[in-house]
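# Fold and contact review
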Amino acid sequence: MCVYLCKKEILFLVTSQLTSTTVISECIAGFENAGLSPTGNLCSGREHHRLKVLFQILDVNGDGGICVNDLTVGLRKLGVHRTEHELRKIVKAGDKDLDGQLDFQEFVHYLRDHEKKLRLVFKSMDRKNDGQIDSQEIMQSLRELGVNISEEQAQKILRRMDKNGTMTIDWDEWRDYHLLHPAENIPEIILHWKHSTIFDVGESLLVPDEFTAEERNTGMLWRHLVAGGGAGAMSRTCTAPLDRLKVLMQVHSSRSNSMRIAGGFAHMIREGGVRSLWRGNGINVIKIAPESALKFMAYEQIKRLIGSKQETLGICERFVAGSLAGAFAQSSIYPMEVLKTRLALRRTGQYAGITDCAKHMLQKEGVTAFYKGYVPNMLGIIPYAGIDLAVYETLKNWWLQRYATDSADPGVFVLLACGTTSSTCGQLSSYPLALIRTRMQAQATVAGGPQMTMLGVFRHIVRTEGLSGLYRGLTPNFMKVIPSVSISYVVYEHLKIFLGVQSR
């Protein structure tokens, strides 16, 4: 896995509307002539003074803070034009005390943090490690993103940033060109840091991957989805015994009838043989394809509805779009979720298969049986998606701040660790709701058992089993995380090669 400029940054480079008189490099050149260069160590006394002068230039009304209006007027005087949206992102990224403007310390901190991100991207693009980016390196980075340009177009990009006529970009030229262009977070710069759905931990991640128009048009999108679906099917099949054990413990385990892991496996084998360990896995694999497709299509439509024209969404937008898309996909395939639970809990010979199980449920319980546990399932989406994204962003930023010095490439193990940890935290937060959902789905399978509502099930569990009862089956659920992620990753990589999918 390599690290490249993100799609939004590439489009900015290729289709920038800045004229030759308004590019950042010329603005910085003007600063240098005036002794105001923001280059070098931002903490030195000389640079502190120069940044102070720059701050005073941008602080149009002289109130000690730079707001969006100050940036608009100040940068326009310097010949630099930015949209209001871009300027708001600059202020938002540096405004630590949330007063709507940047004081001097916040201004310096923003430039220092932004410069570090730019350096990571520069080093990632500098394939030859010679401190220069040439046209071939720009063409290679774009090509690996699925965007093909000619050498003439690459040279045109270079000329926008090249101040000394060498037709290569050194670090100073790269930084000066981009320093006052906002990058709110690393995913806007680094494509590699996407929160990918390929790492299947047995519970669907709610925020789909994002793809360029080029990937959609060339069919690369569906190849990625097929590869991810195949990897998910293999990982779920390999960990199906643990998943069935989790369901059995959620439904049948209690204080008076404690089910241990070894005892649970022994019970399943004794009742139905080794094959019974995979009961319910068929429907669990079948639902991958429709769920992934519906989730992705809903995600793209919701992005348009919330008015986002960006290829890469911010954290809040991803949370909203991902949660709504997950809710839509889950609603569409929820009857399959209920069937999975019923098949996992069935006795030997109770049903002839998936269709037979569906017929029995429809005849004896009616259509509503296919939506038992729907409410807690939907409610669980919010904490799962929110905590999953929050933990992922926190771990990612911590790694970048602490360890990303020479390259923005975190390596596959860091990516796997961040994704696995965040997904596990998300599952942990929503697990009580998942357990209540499973209990409600299974109510008709318990002979003589009451048909309770969501709150009724919650009260019954707390009253009879205590708060720990809300986490029955948690151990086998977490036992399957590492093998699920590992198997999913290995199979995904092999399927990518087989399907001719380019690494991203």
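- Naming follows an unreviewed UniProt entry, where the protein chain appears as Solute carrier family 25 member 25 of Gouania willdenowi.
- Among the UniProt annotations of the protein chain, the heading Subcellular location (unreviewed entry) holds the following wording: "Mitochondrion inner membrane".
- Quoted verbatim from the Sequence similarities (unreviewed entry) field of the UniProt record, the comment on the protein chain reads "Belongs to the mitochondrial carrier (TC 2.A.29) family."

## Concerning the nonpolar core
- Of all hydrophobic cores here, the largest spans 17 residues; its most connected members are Leu51, Leu58, Ile66, Leu71, Leu87, Ile90 and Phe107.
- For this core, the secondary structure elements donating two or more residues are helix H3 (45–58), helix H4 (68–77), helix H5 (84–94) and helix H6 (104–125).
- Excluding its chain neighbours within four sequence positions, the residues that come into contact with Leu87 are Val68, Leu71, Thr72, Leu75 and Arg82.

## Some details on the confidence of the model for the protein chain
- Confidence in the prediction for the protein chain averages 76 pLDDT; 75% of positions are at 70 or higher.
- Taken element by element, the predicted model of the protein chain shows its lowest mean pLDDT in helix H1 (residues 7–15) (37) and its highest in helix H12 (residues 240–252) (93).
- Contacts from residues 1–43, a stretch scored under 50 in pLDDT, to residues over four places away or in other chains number 131 contacts.
- Every residue in residues 183–199 is under pLDDT 50, and counting partners more than four places away or in other chains gives 82 contacts.

## A few points about unusual backbone geometry
- Of note, Leu98 is a non-glycine position whose phi angle comes to about 55°, a positive value.
- Tracing the chain through its elements places Leu98 in the loop between H5 and H6.
- Despite not being glycine, Asn129 shows a phi value in the positive range, around 55°.
- Structurally, Asn129 can be placed in the loop between H6 and helix H7 (135–144).

## Observations concerning the environment of Gly419
- For Gly419, the location among the structural elements is in helix H19 (residues 412–441).
- Considering only alpha carbons, one finds Gly419 and Glu393, 26 residues apart in sequence, at a separation of 9.8 Å.

## Description of H12
- A rise of 1.5 Å per residue sets the reference length of H12, with its 13 residues, at 18 Å; its end C-alpha atoms lie 18 Å apart and thus fit the reference within 8%.
- Counting buried positions along H12 yields 12 of 13 residues, so the element is predominantly enclosed.
- Within H12 the residues assigned to the buried category are Ala240, Pro241, Leu242, Asp243, Arg244, Leu245, Lys246, Val247, Leu248, Met249, Gln250 and Val251.

Basis of the calculations
Residues numbered from 1 in each chain as written. Predicted model: local features only at pLDDT ≥ 70, side-chain atom pairs only at ≥ 80, totals over all residues. Heavy atoms only, no water. UniProt positions renumbered as here; feature names shortened; annotations may be inferred. Core = buried A, V, L, I, M, F, W, Y, C linked by side-chain atoms within 4.5 Å. Buried < 20%, exposed > 50% of the residue type's maximum accessible area, 1.4 Å probe, protein only. Helix = DSSP H or I, 4+ residues; strand = E, 2+ residues; numbered from the N terminus. Contact = heavy atoms within 4.5 Å. pLDDT = per-residue confidence, 0-100. Expected span 1.5 Å × (residues − 1).

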